[in-house]
Amino acid sequence: MNEEIVFCDLGAQLAGMRPEIERAINEVLDSTAFINGPAVRKLEDELSDYVGSEAIGCASGTDALLIALMALEVQPGDEIIVPDFTFIATAEVVALLGAKPVFCDVDPLTYNMNPECIEPLISTQTVGIIPVSIFGQCADFDAINAIAEKHSLWVMEDAAQSFGAEYKGRKSCSLSPVATSSFFPAKPLGCYGDGGVVFASDPQLAKKIRMILNHGQNKRYHHAVIGVNARLDSLQAAIVSVKLQKFDQEIQLRQQVAASYSRFFEADLHIPVVADYNSSVWAQYTLQHPERDAIRDELQQQGIPTAVHYPVPLHTQEAFAGIAGKTECPVTEKISRQVFSLPMHPYLPERQIEYIAQAVLQAAGK
Ligand SMILES: *Cc1c(COP(=O)(O)O)cnc(C)c1O
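Residues numbered from 1 in each chain as written. Predicted model: local features only at pLDDT ≥ 70, side-chain atom pairs only at ≥ 80, totals over all residues. Heavy atoms only, no water.

J.: How would you explain the nonpolar core if you had to name every residue and give the values?
T.: Core analysis: the biggest nonpolar cluster contains 48 residues, and Leu47, Ile118, Phe163 and Phe199 have the highest contact counts within it. Secondary structure elements with two or more residues in this core: helix 2 (18–31), helix 3 (38–51), strand 3 (100–104), helix 6 (141–150), strand 9 (196–200), helix 8 (234–245) and helix 9 (247–265). Setting aside anything within four residues of it in sequence, one finds Leu47 in contact with Ala55, Phe163, Phe183, Leu189, Val197, Phe199 and Leu244. Within the second largest apolar cluster, 35 residues are counted, among which are Leu66, Ala99, Ala206 and Ala230. (Core = buried A, V, L, I, M, F, W, Y, C linked by side-chain atoms within 4.5 Å. Buried < 20%, exposed > 50% of the residue type's maximum accessible area, 1.4 Å probe, protein only. Helix = DSSP H or I, 4+ residues; strand = E, 2+ residues; numbered from the N terminus. Contact = heavy atoms within 4.5 Å.)

And the structure:
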């Protein structure tokens, strides 16, 4: 193909909204309110309306997880159940607070935490569960919330990849009392740097989260609790506000890209499965194949970028040696050897989808 194929084409997205983005950036420059400016409050109001739960902007998806766990008063020695198959941040923040991530296996079709694997992992030390809504679709929250309720645990959705998705008609980030998301540029709703958000349905908890992300401050230079600096800056907030206006349209475009891919692959390959109660925002379009590495090499030679989310089960990461207990996650071990993701963004042209799909089928010997 004589045009470049981009894994996640932020340039194409910017081209379609550049004047609005520049106007928003210039407004912040003119205001000089770079920290906690009106742009942050405006975005928080828009996000709260979108989800139906109070939004608190913060510096990244990782900080969102961290400050939410601090607000939940996670203590050293606490155990928190997290999926084995996710980005490191979900479990990293647990370990950072001296608590223990307990790794739970996932469903081989949706890649989300398998509710049936949760109960055997619960101990007297367990305080909560962090289901990740991975690759764009929500975990099975009704099942997970029921288990949590039975054992008096809290639930916090890591929605870094699923903002905008729906579960049984309810929005991702409204399915648990606390939820977090990320505005990392390549996420479905991204900014132009680092950014994140926490959603909290309880106003008391929301207030505490706001304090923690601003040095535990309840009034200038009065510090009620130990906090951090994890504020969302005004420039990033202004950028997300502009992108939010086109977000639902972009979700539809992503869904069309996914449907096109799947039409090419459904007869021959293990295509992504969206649970019938879910709508996905397609953070990734991920296939499974035993010859994954050879297929990726072949695609790379044809100018097609691919990625592996995620090649290493978290319980086998060196960083968790001595922290994670003995865990058995056979599904994660298998899929981490077989998954690979194809270029996915709202502006992927049909001709590129067709070119990629033909190359994948050929590389897979179909
Ligand atoms: C991206 C991601 C994060 C971290 O978000 P950042 O904004 O990069 O800190 C956390 N959890 C999951 C599942 C992610 O995909």
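J.: Report on the sheet that holds strand 4 (residues 126–129), specifying residues and quantitative values.
T.: Taken in spatial order, the seven strands line up as 1-9-8-5-4-2-3 in an open sheet, and their pairing is mixed. The sheet terminates laterally at strand 1 (54–58) and strand 3, the two strands that pair on one side only. The average angle at which neighbouring strand axes cross in this sheet is 25°, direction not considered. Examined bridge by bridge, strand 2 (residues 79–83) and strand 4 share three bridges and lie parallel to one another. (Pairing = 2+ DSSP bridges. Axes fitted to C-alpha atoms, helices over the stretch in contact; angles between N-to-C directions.)

J.: Tell me about the sheet that holds strand 12 (residues 278–279), residues and numbers included.
T.: The sheet built from three strands is open, its strands ordered 7-6-12 with antiparallel pairing. With partners counted over all chains shown, the strands left at the sheet margins are strand 7 (170–171) and strand 12, one partner each.

J.: I'd like a description of helix 4 (residues 61–71), backed by residues and values.
T.: Residues spaced three or four apart along an α-helix face the same direction, because each turn holds 3.6 residues. Here helix 4 lies mainly inside the structure; nine of its eleven residues are buried. Capping the start of helix 4 is the job of one residue whose side-chain oxygen sits 3.3 Å from the backbone nitrogen of Thr62: Ser60. Immediately downstream of helix 4, the backbone of Glu73 shows phi near 60°, a positive value. (Polar contact = N/O pair within 3.5 Å; in protein donor to acceptor, adjacent residues only side chain to side chain.)

J.: Tell me about the site of the ligand, residues and numbers included.
T.: Around the ligand, the structure places 15 residues, and the nearest of them are Gly61, Thr62, Asp158, Ser182 and Lys187. Interatomic distance of 2.6 Å between a side-chain N/O atom of Lys187 and an oxygen atom of the ligand. Considering the ligand on its own, with 380 Å² of exposed area, one finds that the protein chains cover 93% of that surface. The set of elements that each furnish at least two residues to the shell around the ligand consists of helix 4 and helix 5 (89–96). A per-class count over the shell around the ligand returns five nonpolar, eight polar and two charged. (Near = heavy atom within 4 Å. Areas by Shrake-Rupley, 256 points an atom, 1.4 Å probe, with all protein chains shown as cover. Nonpolar A, V, L, I, M, F, W, Y, C, P; charged D, E, K, R; others polar.)

J.: Please give an account of the pattern of salt bridges that cites residues and values.
T.: A full pass over the atoms with the stated rule returns 13 salt bridges. A salt bridge links Arg210 to Glu54; the shortest N-O distance between them is 3.0 Å. Taken together, the residues Arg210 in helix 7 (residues 203–212) and Glu54 in strand 1 connect sequence positions 156 residues apart. Its relative accessible area of 30% is what places Glu54 among the partly exposed residues. The closest approach of N and O atoms between Lys171 and Glu166, which form a salt bridge, is 3.2 Å. (Salt bridge = Lys/Arg side-chain N within 4 Å of Asp/Glu carboxyl O.)

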